[in-house]
Amino acid sequence: MMKGSQQQWPLLIPAPRTPGKEEFPVAIDSSIPVSSTSKPYSDSQIEMSGDFVRNPSSHSIQSKSSSSHSIKGVSFREGHDLNPVTYGSRGASSGSNPVRYGSRGASSGGFTSSYKEIKDEDARLVYVNDPGRTNQKRFKFAGNSIRTSKYSILTFLPRNLFEQFHRIAYIYFLVIAILNQLPQLAVFGREASILPLAMVLFVTAVKDAYEDYRRHRSDRIENNRLASVLLNGEFEDKKWRDICVGEVIKVSGNQTLPCDMVLLSTSDATGVAYVQTTNLDGESNLKTRYAKQETQMKTPVVGNIGGLLIKCEKPNRNIYGFQANMEIDGKRISLGPSNIILRGCELKNTDWVVGVAVYAGKETKAMLNNAGAPSKRSRLEKRMNKEIIILSIFLVILCTVISICHGVWLRRHREELYLMQFYRKYDYSEPEVEKYEYYGWGMEIFFVFLMSIIVFQVMIPISLYISVELVRIGQAYFMIRDDRMFDKSTNSRFQCRALNINEDLGQIKYVFSDKTGTLTENKMEFQCASVGGVDYDNGKDISTEDWQTGYSVQVDGMVLRPKMTVKVDQDLLNLSKMEHTNESKHVCDFLVALAACNTIVPLTVETSDPAIKLIEYQGESPDEQALVYAAASYGFMLVERSSGHIVIDIQGKRQRFNVLGLHEFDSDRKRMSVIIGCPDQTVKIFVKGADTTMFKVIDKSLNLNMVKATESHLHSYSSKGLRTLVIGMRELSTSEFEQWHSSYESASTALMGRANLLRKVANNVENNLRLLGATGIEDKLQQGVPEAIESLRTAGIKVWVLTGDKQETAISIGYSSKLLTSKMTQIVINNNSKDSCRKNLDYALQLYKKLSNVSHSNDEGHGAGTNQLALIIDGTSLVYILETELEEKLFELASKCTAVLCCRVAPLQKAGIVALIKNRTDDMTLAIGDGANDVSMIQKADVGIGISGQEGRQAVMASDFSMGQFRFLVPLLLIHGHWNYQRISYMILYNFYRNVVLVFVLFWYVLFTGFTLTTAITDWSSVLYSVIYTSLPTIVVGILDKDLGRSTLLKYPQLYGAGQRGESYNGKLFWVTILDTLWQSIAAFFIPLVAYWDSTVGGSALGDLWILAVVILVNIHLAMDVIRWYTITHIAIWGSILATFICVMVIDTLPFLPGYWAFFMIAKTKLFWVCLLGIVVAGMVPRFVVKVFVQHCKPNDIHIAREAEKFGNLREPNAETEMNPIFDLPRSTATT
């Protein structure tokens, strides 16, 4: 179910007249165009975009109280009811128009795109059962074969390489490899220079190839499925891939739709069909679709199918909209979203349907929507790229220094170049002196510059990219396997859908959360009702035994019982059983409204007892399900529904009600209604909806006291956090019904402005209603939500709740979830003009300054921490604030508040609130939601999390991570987020360090060899350094190391602040690492140089000593920083050192490589091993001293917690570990 989805026109689905009832007018067609979000009212839609009826005298400072808490607050609101404002979300075909987060929707004026006249150039003509004519060469449409794979055998290599080389570092190494192939620049062996890049490209290509193979396999299975297609007058099996637009297809029950098809006929005589859209949008509730009566009567006779022409819109992504018309027997009839079934839907509770394919293959709405969430890059990766640029500049500086020094050296020795080895200009070995290839002073300097880039190429760590990817995969594995984030109720684990932002989970500052289904369970339970001005609040429940049994009826020896039982109020139950009193008649009308005014489908479910069957109510709205179950518990049990009638078992007596019309919920009216032909030959309209709109159409003069009592009860229900609906009805005279019927016929067949006309029809009939009562439904808070919000707040994370619910309900949930506390001063902004918003924002900022001054004087400089503020603002006010100059003031105010609660906000406004913070701070944002109306917010935030709950999987499919409960945020952020950030941060700095160490060693060697760019370290050792010698330990540590344990991180949420402050990866640490690298390279190079200065040991032997020293040095460096040792950690670190010795020995045993047997000559001397030991000691001592000094003299929170975790509190066993407080200081703002 899509909470808060913004419909842009009303729904009106009158049902065909039931035969045998002559007292009612002619049948009304059942398939009426549905809105772009064709869903019955949902929980937040019911209460969207309007204020609770307020006392006009409520101004300025207000004080509220309820049974559960007291509220102190400042309220800025108008002195009259606000006109509801709709916020329309854009469809897929909105073009390039910019998204306006605070703009009004289009539903209030003009014609929406789905109801404009279809121009010939924008139309698709489909000739029913004539695919040849439909797919003429000029109009040939896409076939039904789909392809989700990216590559083919021919395109894999070029396309995959093209995609991989989007990384600048890969292009850099490719250029280096090409330069090394030139004879003048050949420093390394040609094969060795290509190996690192080739290995990285190969590993990535294998991974991509495997993923694409799985897509190909899935495509083959899908395309080879069989469908029943009308061929030569008979239905025959045909592969899905061969289906063409215009062909007539028959789908049987429980089968999947092969393409988008317009319904022509169904097994139900009234043309109704039920579909499940789980594969499309993840929603498991049944949806109703309809065949036109004109085609329903034709298609059972196969020969009558032809001759129909459908003119429909071109393919688009809007899965909730469809515009078309059909020409049949010279008559044009309109088609809407209720007449089309989309590819991927499953047919349920219907024996068969027959339809015509209008969109196939890649043009179906499902395939057009087959796009992943926008690609996101982590903050550390962005920062890493900056450091790589710095290293690149540093590399250029080193190469420039070498080039300049080389030029000076050539000038000084220019007279000796004729005879000097490597530089002599003439060859004297032959009788006739020949000139060597010498390119002159300038070109020699240029070649040396390029050669030095090749030699120092390891400065840019190519292995870092693939190492980070492997570490992220390992981190994701452990997050997925964490039982702390396993949801037993849904049997679902945490899912990591985006592997490239794991570390961002450790730096979150703002959490933007939906309410319904995210903080609450979205499992509605009927709690209380106000009927006839009397509050029935379940205070006197029926006995436990009766409640467990519940209401049941016997039919043909079978016992029918609702699948779910509801606690009932005994007084209301007694009234529902009484007859012939005004009070009981009022209660009867109320319960009939609950059972009839909905789109619920009753299904019979078998039980272990063959004599007992359960009735399960399937529908698109949990609210509707809760109300129908409540009516059943009071003896008004819905047992049958067709498009023409419903059957309600009323206290054991079955009564048939003819469904003459159904106006479904839309975001403009905020109510729905059903027109019923009752058994007593009367016609009644039952209406339910949000209180803000219902009280405008209720005739208050009929019983003013009842209206006031109901309003009071509604306020009480909202204060308890219950979701409220108001119920009303009116009896229609024959003339009124005929007038409505005539108006509807004209509106539904209109080709221009159909939405406005249908809305007028609904508004004309929904008036002068008699108030029946109101309902209160509880959406229970999820387990652990209050504790989770408290932990997040202690961690320095600000939690904002963005909901479409009414203010009173949201505030109540805010208190129960501990988002709001009694110590907070509330600032409430409810305005319907820009000027009033400006004044109230200014006043709120002044109030904050006053509170800050008072707090400062009382608490001696602790800021506003003791006077916490909570901002409560509604969507109407945001219309006038977002994307205007008032945004800056809202940001200034909101950033100073401890909690922010946005009520009645539209989906795009949710994204606008996230953008408000993202555009003005460097703080990381996280959005979490469970419904389709949360998608824009989830995709806008730095990290998006989808809750796999009751509202389908659209939020999950658009998210970076998904999980089952809000409380899982605590282990995800405080544990895994902290670990991921610490690990990746250290890993990046360590990779920079290990590569720069080797570059400096090579640089020092060049200074002592006449700047000739010759290297003592063999080509293969240089190549294997980043691939084998040092790569595995950093990957293992990046996956497994833990600076702190789970219990410590959960006990002290303040430790999360280290990631928010960027303590593990920042510019200071980068330059400290570079300085440490410089010292260690000096120790590694000059100790062997001095030791062997007067010896006859060759350069290759020293090269082996240098590479071994560097490998040992960087691995000991890593070992010093490891906190948690595991067996695999020991194997990786010490095994890498051993592997390096083995590789060096193997390389030196190959006679065709330089340095043959060099290692064995130098390793047999004691001096060799003394040098290795001296290098390690000299290189590590300064680092060890600094670490000891920092951890003992200037420890941070991590150091303190680690010491407490390791040694316990030795002095005071009961003492608490003290953490640095997290202050909420104002952040500097940036220009948008």
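Just so it is clear, the model here is predicted, and its values are computed rather than measured. (Residues numbered from 1 in each chain as written. Predicted model: local features only at pLDDT ≥ 70, side-chain atom pairs only at ≥ 80, totals over all residues. Heavy atoms only, no water.)

*Asks:* Would you take a moment to explain the overall build of the protein for this structure?
*Replies:* A tally of regular secondary structure across the protein gives 38 helices and 40 strands. In the protein, which comprises 1232 residues, the share counted as buried stands at 58%. Here the protein displays about 50700 Å² of accessible surface, and carbon together with sulfur accounts for 55% of that area. (Helix = DSSP H or I, 4+ residues; strand = E, 2+ residues; numbered from the N terminus. Buried < 20%, exposed > 50% of the residue type's maximum accessible area, 1.4 Å probe, protein only. Areas by Shrake-Rupley, 256 points an atom, 1.4 Å probe, with all protein chains shown as cover.)

*Asks:* Help me understand helix α28 (residues 969–1007), please; the structure alone is not making it clear to me.
*Replies:* Given 3.6 residues to a turn, an α-helix orients residues that are three or four positions apart in the same direction. Over its 39 residues, α28 runs 55 Å from end to end, which matches the ideal 57 Å to within 8%, given 1.5 Å per residue. A large share of α28 lies buried, amounting to 37 of its 39 residues. (Expected span 1.5 Å × (residues − 1).)

*Asks:* Explain the pattern of salt bridges here, please?
*Replies:* Counted under the stated rule, the structure contains 42 salt bridges. In this structure, Lys-910 engages Asp-514 in a salt bridge whose closest nitrogen and oxygen atoms are separated by 3.2 Å. Residue Lys-910 is located in helix α25 (residues 907–918), and its partner Asp-514 is located in the loop between β20 (508–513) and β21 (520–531); the two are separated by 396 residues in the primary sequence. For Lys-910, a relative accessible area of 1% gives the class buried. A salt bridge links Arg-723 to Asp-623, with the shortest nitrogen-to-oxygen separation between them at 3.2 Å. Taken together, the positions of Arg-723 in strand β32 (residues 723–732) and Asp-623 in helix α15 (residues 622–633) put the pair 100 residues apart, joining distant regions of the chain. The same class applies to Arg-723 and to Asp-623, which are both buried. (Salt bridge = Lys/Arg side-chain N within 4 Å of Asp/Glu carboxyl O.)

*Asks:* Would you take a moment to explain the pairing of strand β16 (residues 352–359) for this structure?
*Replies:* Walk down a regular strand and you will see the side chains alternate between the two sheet faces. Taken across its 8 residues, β16 has 7 buried, putting it largely inside the fold. Pairing geometry for strand β8 (residues 260–266) and β16, over 6 bridges, is antiparallel. Each bridged residue has a counterpart across the sheet, and for Leu-263 the counterpart in β16 is Gly-355. (Pairing = 2+ DSSP bridges.)

*Asks:* For this particular structure, what's the right way to read the sheet that holds strand β11 (residues 309–313)?
*Replies:* Hydrogen bonds between backbone atoms are what pair the strands of a sheet, whose relative direction is either parallel or antiparallel. With respect to topology, 4 strands assemble into an open sheet ordered β4-β11-β12-β13, the strand pairing being antiparallel. Each end of this open sheet is capped by a strand with a single partner; those strands are β4 (123–127) and β13 (331–335). With strand direction ignored, the average angle separating the axes of adjacent strands in the sheet is 20°. With 5 bridges connecting them, strand β12 (residues 324–328) and β13 associate as antiparallel partners. What sits directly across from Asn-325, in β13, is Ser-334. (Axes fitted to C-alpha atoms, helices over the stretch in contact; angles between N-to-C directions.)

*Asks:* Would you explain the sheet that holds strand β23 (residues 553–555) in this entry?
*Replies:* Taken together, the 4 strands give an open sheet; going across it, the order is β23-β24-β26-β25, and neighbouring strands pair in mixed fashion. What marks the edges here is a single partner per strand, and that holds for β23 and β25 (601–606). Across the sheet, the axes of successive neighbouring strands diverge by a mean angle of 35°, strand direction being ignored. Two elements, β25 and strand β26 (residues 612–618), share 6 bridges in a ladder whose sense is antiparallel. Following the sheet pairing, Leu-603 is matched in β26 by Glu-616. Here α15 sits on the sheet and contacts β24 (558–562) and β26; the angle it forms with β26, its principal contact strand, is near 145°. (Contact = heavy atoms within 4.5 Å.)

*Asks:* Is there a simple way to think about the packing of helix α20 (residues 785–794) against α28 in this case?
*Replies:* Each pair of packed helices gets described by two things: the angle between the helix axes and the distance between those axes. The contact between α20 and α28 brings their axes to 9 Å, and the two run at 25°. Considered as vectors, α20 and α28 are oriented roughly parallel to each other. Between α20 and α28 the crossing geometry is left-handed. Along the contact surface, α20 presents Ala-788, Ser-791 and Leu-792, while α28 presents Leu-969, Val-970, Leu-973 and Leu-974. The class makeup of the residues in the contact of α20 with α28 is 6 nonpolar, 1 polar and no charged. (Parallel < 35°, antiparallel > 145°, perpendicular 65-115°, else oblique. Left-handed = near helix turned anticlockwise from the far one by under 90°. Nonpolar A, V, L, I, M, F, W, Y, C, P; charged D, E, K, R; others polar.)

*Asks:* Is there a simple way to think about a nonpolar patch on the surface in this case?
*Replies:* Together, Leu-1173, Val-1177, Val-1181, Phe-1184, Val-1185 and Val-1188 make up an exposed nonpolar region whose accessible area comes to about 530 Å². Tracing the chain through its elements places Phe-1184 in helix α37 (residues 1166–1193). (Patch = residues over 30% accessible without salt bridge, like charges linked within 9 Å, V, L, I, M, F, W, Y side chains within 5 Å.)

*Asks:* Explain the environment of Leu-1040 to me, please; I cannot follow it from the model alone.
*Replies:* Tracing the chain through its elements places Leu-1040 in helix α30 (residues 1031–1040). By relative accessible area, Leu-1040 is classed as buried at 19%. Separated by 57 residues in sequence, Leu-1040 and Arg-983 have C-alpha atoms that sit 8.6 Å apart. Sequence-distant contacts of Leu-1040, that is, excluding residues within four places in its chain, are made with Phe-478, Arg-983, Tyr-1126 and Ile-1128.

*Asks:* Could you clarify how one ought to interpret the pairing of strand β35 (residues 825–830) in this entry?
*Replies:* Most of β35 is tucked away: 6 of the 6 residues are buried. Taking every second residue as pointing to the same face, both faces of β35 are buried, with Thr-825, Ile-827 and Ile-829 on one and Gln-826, Val-828 and Asn-830 on the other. Judged from the 5 bridges that link them, β35 and strand β36 (residues 869–874) form a sheet pairing that is parallel. Among the inter-strand pairings, Thr-825 is bridged to a residue of β36, identified as Leu-869.

*Asks:* For this particular structure, what's the right way to read the side chain of Asp-1121?
*Replies:* Along the chain, Asp-1121 turns up in helix α34 (residues 1099–1121). The exposure class of Asp-1121 is buried, given its relative accessible area of 12%. Side chain to side chain, Asp-1121 and Tyr-986 meet in a polar contact 2.6 Å long. Aside from chain neighbours lying at most four places away, what touches Asp-1121 is Tyr-986, Asp-1041, Arg-1183 and Lys-1187. (Polar contact = N/O pair within 3.5 Å; in protein donor to acceptor, adjacent residues only side chain to side chain.)

*Asks:* Help me understand the nonpolar core in this model?
*Replies:* Soluble globular proteins tend to pack their nonpolar side chains together in the buried interior. Among the nonpolar cores identified, the biggest contains 106 residues, and Phe-456, Phe-992, Tyr-1029 and Phe-1168 are the most heavily contacted of them. With 19 residues, α28 is the single largest residue contributor to this core. If sequence neighbours within four positions are ignored, Phe-456 has contacts with Leu-395, Leu-398, Cys-399, Ile-402, Val-999, Leu-1002, Phe-1003 and Val-1006. Counting 55 residues, the second largest nonpolar core, distinct from the first, contains Leu-627, Val-639, Val-659 and Ile-727. (Core = buried A, V, L, I, M, F, W, Y, C linked by side-chain atoms within 4.5 Å.)

*Asks:* Sorry if this is basic, but what is going on with α30 here?
*Replies:* When you tally the buried positions in α30, you get 9 out of 10 residues, the bulk of the element. Those residues of α30 lying buried are Ser-1031, Pro-1033, Thr-1034, Ile-1035, Val-1036, Val-1037, Gly-1038, Ile-1039 and Leu-1040. Contact partners of the buried residues in α30: α11 (462–480), α28, α29 (1019–1029), α34 and α35 (1127–1148).

*Asks:* Looking at this structure, how should I read the layout of surface pockets?
*Replies:* Where empty space is left becomes clear once a probe the size of a water molecule has been rolled over the atoms. Space inside the second largest pocket adds up to approximately 1900 Å³. Among the residues forming the lining of the second largest pocket, the class breakdown is 22 nonpolar, 11 polar and 15 charged. (1 Å grid on protein atoms, 1.4 Å probe; cavity = no way out; pocket = protein on both sides within 12 Å on 5 of 7 lines; lining within 4 Å. Points joined across faces, edges and corners; volume = space filled by probe spheres on them.)

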